[in-house]
Amino acid sequence: MNDETRLRIRHTFDRLSTSDRAPTDIDRALTEAFERLMHGLPELTDGKITVVNLCTEAGVSRASYYRSPVAQAVKEILEAPQTRRPEPEELRAEVSRLRKAERELRRENASEVRELKDTVATYANQIQLLALRNADLEAQNARLAEQLRQAGATITPLHPPSGQSAE
């Protein structure tokens, strides 16, 4: 927690102390619990800054928390844009952000893989069709050449088949 956040917390809680209402034991317990959570030193909880954790750390009910002026002070502190959360809280937020980014990247990657598989399947079908057509043309050519030979015609190929030399 940075010095500015520490000063904001102290100033906000000091304002509560100087109000016309004296702080109760519940107010003091909530203040101490909030400060422990903000410093990243929880005693009873996982350290997340939530109402439930704050009440658990302070040993008070949520109803007591909401009746206390500390509730408004905590809300004011946490809503301030310059308030720095304790490092574990920041790290949790970063982990959450990174997980969300990872899910998005996995989604994009899966979509791209699906598109590529579809493209490969299309090309494989086209290759198969061309190979079958080529085999049909070669068979047709062989039949025509045989018919011409049987008729006694001389056949001179224009281009020798690949892998063979002209005779």
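Report on the accompanying structure. (Residues numbered from 1 in each chain as written. Predicted model: local features only at pLDDT ≥ 70, side-chain atom pairs only at ≥ 80, totals over all residues. Heavy atoms only, no water.)

## Focus: helix α3 (residues 51–58)
Listing the buried residues of α3 in full gives Asn53, Leu54, Cys55, Glu57 and Ala58. Two residues or fewer after α3 comes Gly59, characterised by a positive phi angle close to 75°. (Buried < 20%, exposed > 50% of the residue type's maximum accessible area, 1.4 Å probe, protein only. Helix = DSSP H or I, 4+ residues; strand = E, 2+ residues; numbered from the N terminus.)

## Regarding the environment of Val60
Its location among the elements puts Val60 in the loop between α3 and α4 (62–67). Along the chain, Val60 and Ala29 lie 31 residues apart, while their C-alpha atoms are 8.1 Å from each other. Not counting chain neighbours up to four residues away, the residues in contact with Val60 comprise Ile26, Leu30 and Cys55. (Contact = heavy atoms within 4.5 Å.)

## Re the packing of aromatic side chains
Working definition: an aromatic ring pair is given by the centre-to-centre distance plus the angle between the planes. Applying the stated criterion across every chain yields a total of 1 aromatic pair. Measuring from ring centre to ring centre gives 5.1 Å for Tyr65 and Tyr66, while their planes differ by 70°; the resulting arrangement is edge-to-face. (Phe/Tyr/Trp six-rings, centres within 6.5 Å; stacked < 30°, edge-to-face > 60°.)

## Remarks on the pattern of salt bridges
As enumerated under the stated definition, the model contains 7 salt bridges in all. For Arg36, the salt bridge identified is with Glu43, shortest N-O distance 3.7 Å. Across the pair Glu146 and Arg149 runs a salt bridge whose closest N-O atoms are separated by 3.8 Å. Here Arg149 and Glu146 lie together in helix α6 (residues 87–151), a separation of 3 residues that amounts to about one turn. Glu146 gets classed as partly exposed once you look at its relative accessible area, which sits at 38%. Since its relative accessible area comes to 53%, Arg149 is described here as exposed. (Salt bridge = Lys/Arg side-chain N within 4 Å of Asp/Glu carboxyl O.)

## Section: the nonpolar core
Phe13, Leu30, Phe34, Leu54, Tyr65 and Val74 are the most contacted members of the largest nonpolar core, which totals 19 residues. In terms of residue count, the dominant contributor to this core is helix α2 (residues 25–38) (6 residues). Setting aside anything within four residues of it in sequence, one finds Leu54 in contact with Leu30, Ala33, Phe34, Leu37, Tyr65 and Val74. (Core = buried A, V, L, I, M, F, W, Y, C linked by side-chain atoms within 4.5 Å.)

## Digging into the side chain of Thr45
Residue position: Thr45 is located in the loop between α2 and α3. Exposure remark for Thr45: the relative accessible area of 18% places this residue in the buried category. Discounting chain neighbours no more than four positions away, the residues touching Thr45 are Leu37, Asn53, Thr56 and Glu57.

## A few points about the side chain of Arg36
Residue position: Arg36 is located in helix α2. The residues contacting Arg36, other than those within four sequence positions of it, are Leu41, Pro42, Glu43, Glu57 and Ala58.

## With respect to the packing of α2 against α3
Contact geometry of α2 with α3 gives a least axis separation of 8 Å together with a crossing angle of 120°. The way α2 lies across α3 gives a crossing that is right-handed. Where α2 abuts α3, its residues Ala29, Leu30, Ala33, Phe34, Arg36 and Leu37 lie against Asn53, Leu54, Glu57 and Ala58. For the contact of α2 with α3, the class distribution of residues is 7 nonpolar, 1 polar and 2 charged. (Axes fitted to C-alpha atoms, helices over the stretch in contact; angles between N-to-C directions. Left-handed = near helix turned anticlockwise from the far one by under 90°. Nonpolar A, V, L, I, M, F, W, Y, C, P; charged D, E, K, R; others polar.)

The values are spatial; any link to function lies outside them.
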